[in-house]
Amino acid sequence: MTPAVIEAGPVRLRPLRRDDAGDLAAGCDDPVNLRFNPVMPQPYTVADAHWWISEGAPAAWRSGGAAYAIVDAGTDRLVGGAGLSQVVPGRGQAELGYWVAPRARRRGIATATTRALAAAAFQAGLARLELLIRAENPASQRVALAAGFHLEGVRRAAGLDRDGSRYDLLAWVRLVDDPPGPVPRLLPDLPDGRLTDTVVTLRRLAPADAEVLHRLHTRAEVVATRVRPVPPSRADIDRRCAVAESEWLTGRAADFALCDAVTGTMVGGCALIHDEPATGQAMIGYSLLPEARGRGLATRAVRLLAGWACGPAGLARLWAGTATWNTASQRVLRRAGFHREGVMRARLPAPTPDTPRPDTVLWSFLSTDPRPLPLR
């Protein structure tokens, strides 16, 4: 069993008290906390807080877990909650969880709490801790990385929502003998949140971009170049935008909105798929809305992306594939400094069962390749 009080830098973990009920109710009755903690009553009232303090939290302790108030180390006022649950003594395993009140966010409280509680749990004899996080919750995934948790995989349909539907959870795990410190990321954040050459800007894809991205990826000429030449549903695009930051944090992909730098309007998209981390290789793709074509924006975007990927991101090799007939895309790659390597025969799925698999023209850019001359 972990100790009753744990010091965690700017905060302290201690048992809940009756006079915490007001702050507990206010912090839990928050849209973010209610969304990602569907077991919480909604709305969360002071009566619910009193029940948790008098019955729920003591039951967690009796079961071998823990239920703490996170309080400001200086004022002793509650700013969140944390605990251990799903304890499996035979495996030395438990699930760690936390929440932070809206007024206390962006102060490193969740990270400090997770580090301190994990250290106490290991000191108490546990060997493995899990953080189960929805892909749509990138803030908690940043906490997991900063606290030394590694992405282990996906728990399919492990979460149960309020309406009875099930959803996947990412399993982030820390072992007792893992090295201290944050987990290194495969894909760093963008400098100042964007890449720009004053004509085009690339920024991380966001949920608000779904309408434009769906319009782009349901155009016939864009569908024809997809790996499966079928248009995505709006739900597919909504999901892609919702988990874009998660994909970036886990090192799987960097998905960009391609914007006019002057107006800020999204006019296309491009993406880096980290397909071979072990070899330092990634694939890129890009597309533009019709009104943005013929202005060199795709070339500028690919140059920005290649410079970031082979610079701050530390990749050694980028590759792209184009349809044999897509001469416009081939011109973009050539002007962006990519080299034609050859043809991959029958690489892509056939559009229909009775048509042959199409070839792909392969292009590459190396970190050691000279950068092309600036565009006018």
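Structure's up top.
Here's what I pulled together on the structure shown here. (Residues numbered from 1 in each chain as written. Predicted model: local features only at pLDDT ≥ 70, side-chain atom pairs only at ≥ 80, totals over all residues. Heavy atoms only, no water.)

All right, on to the overall build of the chain then. A count of helical and extended segments in the chain gives eleven helices and 16 strands. Summarising its shape, the C-alpha atoms of the chain cover approximately 70 × 45 × 40 Å along the three principal directions. For the chain, with 376 residues in total, the buried portion stands at 47%. Sequence separation of 24 or more characterises 62% of the internal contacts of the chain that already satisfy a separation of 6 or more. (Helix = DSSP H or I, 4+ residues; strand = E, 2+ residues; numbered from the N terminus. Buried < 20%, exposed > 50% of the residue type's maximum accessible area, 1.4 Å probe, protein only. Contact = heavy atoms within 4.5 Å.)

Another point: the pairing of strand β12 (residues 266-276). With eight of its eleven residues buried, β12 lies for the most part within the structure. Bridge analysis of strand β11 (residues 253-260) against β12 gives seven bridges, and the strand direction is antiparallel. The residue of β12 that forms the bridge with A257 is G269. The loop that links β11 with its antiparallel partner β12 comprises five residues; one of these, G264, has a positive phi angle of about 80°. Of the strand pairs in this sheet, β12 and strand β13 (residues 281-288) are connected by seven bridges, and their pairing is antiparallel. Each bridged residue has a counterpart across the sheet, and for G268 the counterpart in β13 is L288. The hairpin formed by β12 and β13 contains four residues between the paired strands, and G280 there has a positive phi angle of roughly 70°. (Pairing = 2+ DSSP bridges.)

Let's shift gears to the environment of G9. Tracing the backbone shows G9 in the loop between β1 (6-8) and β2 (11-14). Judged by relative accessible area, G9 falls into the exposed class, the value being 62%.

To continue, consider the nonpolar core. Within the largest apolar cluster, 57 residues are counted, with the highest numbers of intra-cluster contacts made by L24, L84, L96, L117, L129, L131 and W172. Among the elements that make up this core, the one with the highest residue count is helix α4 (residues 109-123) (eight residues). Among residues more than four places away in sequence, those in contact with W172 are L129, E130, L131, I133, Q141, A144, L145, F149, H150, L151 and T250. Judged by nonpolar contacts, the second largest core, of 38 residues, contains A292, L304, L333 and A336. (Core = buried A, V, L, I, M, F, W, Y, C linked by side-chain atoms within 4.5 Å.)

A few words on the environment of D209. As for its position among the elements, D209 is in the loop between β10 (200-204) and α6 (210-217). Among the residues examined, D209 registers a relative accessible area of 7% and is labelled buried. Measuring from C-alpha to C-alpha, the distance between D209 and I237 comes to 9.1 Å, with 28 residues separating the pair along the chain. Among all residues touching D209, those that are not within four sequence positions of it are R203, R204, C241, A257 and M266.

A side chain of one charge can pair with a side chain of the opposite charge when the charged atoms of the two come close. Scanning all chains against the criterion turns up 29 salt bridges. The closest approach of N and O atoms between R14 and D76, which form a salt bridge, is 3.0 Å. Taken as a pair, R14 in strand β2 and D76 in the loop between β3 (66-72) and β4 (78-88) lie far apart in primary sequence, 62 residues in all. Its relative accessible area of 5% is what places R14 among the buried residues. A relative accessible area of 23% places D76 in the partly exposed class. The salt bridge involving E136 is made with R239; its shortest N-O contact spans 2.5 Å. One end of the pair, E136, is in the loop between β6 (128-133) and α5 (138-146); the other, R239, is in helix α8 (residues 234-242), with 103 residues separating them in the sequence. What makes R239 partly exposed here is its relative accessible area of 38%. (Salt bridge = Lys/Arg side-chain N within 4 Å of Asp/Glu carboxyl O.)

In this fold, T114 is placed in helix α4. Residue classification places T114 among the buried positions, given a relative accessible area of 0%. A polar atom in the side chain of T114 sits 2.8 Å from the backbone oxygen of A110. The residues contacting T114, other than those within four sequence positions of it, are L96, Y98, L131, V143, A147 and F149. (Polar contact = N/O pair within 3.5 Å; in protein donor to acceptor, adjacent residues only side chain to side chain.)

A few words now on the packing of aromatic side chains. Per the counting criterion, the structure on display carries six aromatic pairs. Between the aromatic rings of W61 and Y68, the centroid separation amounts to 5.1 Å while the plane-to-plane angle is 75°, which identifies the pairing as edge-to-face. By relative accessible area, which is 16% here, W61 ends up buried. A relative accessible area of 2% means that Y68 is categorised as buried. Judged by centre distance (5.1 Å) and plane angle (65°), the rings of W248 and F256 are edge-to-face. Aromatic ring contacts, followed pair by pair, group W248, F256 and W308 into a single cluster. Taking NZ or CZ as reference, R134 lies 3.8 Å from the ring centre of Y167, over its face. (Phe/Tyr/Trp six-rings, centres within 6.5 Å; stacked < 30°, edge-to-face > 60°. Lys NZ or Arg CZ within 6 Å of the ring centre and 35° of its normal.)

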